[in-house]
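# Results of the structural survey
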Amino acid sequence: MNLIDMHCDTVCELLSENMPDQDLKKNHLKVDIEKMKRGGSMAQFFACFVPLVEFLGKSKHEQAYEYVRRMATYLKKQIWIYPDEIAFAGNGSDLERNRKAGKISAFLTLEEGGVIHGELERVQGLYDMGIRLITLTWNYENCIGYPNSPDAQVMGKGLKQFGFSVVEEMNRIGMIIDVSHLSEGGFWDVVSHSKTPPVASHSNARALRNHPRNLSDEQIRALAEKGGIAGLNFYQEFLGESGSCLIEEMVSHVRHMYQKGGEDVIAIGTDFDGFGGAEKMEIEDIGAMPLLYDALGKAGFTGRQREKIWYGNAKRVIDTVL
């Protein structure tokens, strides 16, 4: 089924737990090579998440930047160990070459643009590490802008002046701009200023679950008009009030995004290994993704529409931006 998942936190989890007997081939997490093969993955976006509040001060920001390098190096080593099954991808040509060779493509992303720390040359440095997508903010203010927030004043703040420079540099180099976690003001600045389609790699519909991390109907339409995409997030707090990760709720978010933005705006961004605490997970890991594909078919989505959601829309952005 050629799934492209725009966001998981597996690499940082593997490193943080320091599990010598488990790696990307097989582990107890939600994403590994065996599960991706079982789920029909074409590509997986692996986030290098940096908890920047633990890296305060100039020297700590240097450590944060090097921590990204450590995660990127770890993934590359895993690819080197399993070259017949997975390969790095930096653009659409890589993705297609890997697909023809029967290999899963691994894209690297950065979750927390604050590691740039006001040094614009670090954008190129991150690209050179293999990073192809940057989530501009996480849950805190940084040098680029402000996060999603229940505080309307914070939510309304736009990009900082340096943030506009980062957007321009990412456009120039060819990196995907990710507005998940970004304030609404920042979202609108990106949409109006970026020359390439942005993405919300792991965000749902706010009309169905009123959470600041989800997208308003206006944002969904704006992403669609810009040629961008929103990746369906499986975190229970962004799905509904059940406290569980239910397929029915996922289908409802997909249907709503389709109604507001059309079939070209919807993608998958599971956020696997980035959350826990669900009372029930109907899709336990990336290997169980066919359950959602089948459910979308039963809900009336055609095969062509499901292919767009599963990989087509994400591939279009990859081909356009990278």
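Whatever comes next refers back to the structure up there.
Everything quoted here is computed from the prediction, not taken from an experiment.

Once that is clear, we can look at the packing of aromatic side chains. Summed over the entire model, instances satisfying the criterion amount to nine aromatic pairs. Taken together, a centroid distance of 5.4 Å and an interplanar angle of 85° make the contact between Phe-234 and Phe-272 edge-to-face. Here Phe-234 is found in the loop between strand 8 (229–232) and helix 10 (236–239), whereas its partner Phe-272 is found in the loop between strand 9 (266–268) and helix 12 (290–298), with 38 residues between them in sequence. Taken as a pair, Phe-234 and Phe-272 share a single burial class, namely buried. Pairing Tyr-258 with Phe-301 gives two aromatic rings, centres 5.6 Å apart and planes at 75°, and the pair type is edge-to-face.

Time to look at unusual backbone geometry. Positioned with a positive phi, Glu-112 is a non-glycine residue whose angle comes to about 125°. Its place among the elements puts Glu-112 in the loop between strand 4 (104–111) and helix 5 (121–129). The backbone of His-117 shows a phi angle near 55°, a positive value even though the residue is not glycine. Among the secondary structure elements, His-117 is positioned in the loop between strand 4 and helix 5.

A rise of 1.5 Å per residue sets the reference length of helix 11 (residues 247–261), with its 15 residues, at 21 Å; its end C-alpha atoms lie 21 Å apart and thus fit the reference within 8%. Within helix 11, burial applies to Ile-247, Glu-249, Met-250, Val-251, His-253, Val-254, His-256 and Met-257. Against the buried residues of helix 11 lie helix 9 (217–226), strand 8, helix 10, strand 9, helix 12 and helix 13 (303–321). Two residues or fewer after helix 11 comes Gly-262, characterised by a positive phi angle close to 90°.

Turning to the packing of helix 11 against helix 12, a few remarks are in order. Following both chains from N to C, one finds helix 11 and helix 12 inclined at 55°, their axes separated by 10 Å at the closest point. The pairing of helix 11 with helix 12 is recorded here as oblique in orientation. Note that helix 11 runs across helix 12; the crossing there is right-handed. Contact residues: helix 11 offers Ile-247, Met-250, Val-251 and Val-254, while helix 12 offers Leu-291, Leu-292, Ala-295 and Leu-296. Residues of the contact of helix 11 with helix 12, tallied by class, amount to eight nonpolar, no polar and no charged.

Now for the packing of helix 8 (residues 184–193) against helix 9. Running from N to C, helix 8 and helix 9 point in directions that differ by 20°, and their axes come no closer than 11 Å. Here helix 8 lies roughly parallel to helix 9, going by the angle between them. Both helix 8 and helix 9 take part in a crossing whose hand is left-handed. Contacts between helix 8 and helix 9 involve Glu-184, Phe-187, Trp-188 and Val-191 from the former and Glu-218, Gln-219, Ala-222, Leu-223 and Lys-226 from the latter.

Rules behind the numbers
Residues numbered from 1 in each chain as written. Predicted model: local features only at pLDDT ≥ 70, side-chain atom pairs only at ≥ 80, totals over all residues. Heavy atoms only, no water. Phe/Tyr/Trp six-rings, centres within 6.5 Å; stacked < 30°, edge-to-face > 60°. Helix = DSSP H or I, 4+ residues; strand = E, 2+ residues; numbered from the N terminus. Buried < 20%, exposed > 50% of the residue type's maximum accessible area, 1.4 Å probe, protein only. Expected span 1.5 Å × (residues − 1). Contact = heavy atoms within 4.5 Å. Axes fitted to C-alpha atoms, helices over the stretch in contact; angles between N-to-C directions. Parallel < 35°, antiparallel > 145°, perpendicular 65-115°, else oblique. Left-handed = near helix turned anticlockwise from the far one by under 90°. Nonpolar A, V, L, I, M, F, W, Y, C, P; charged D, E, K, R; others polar.

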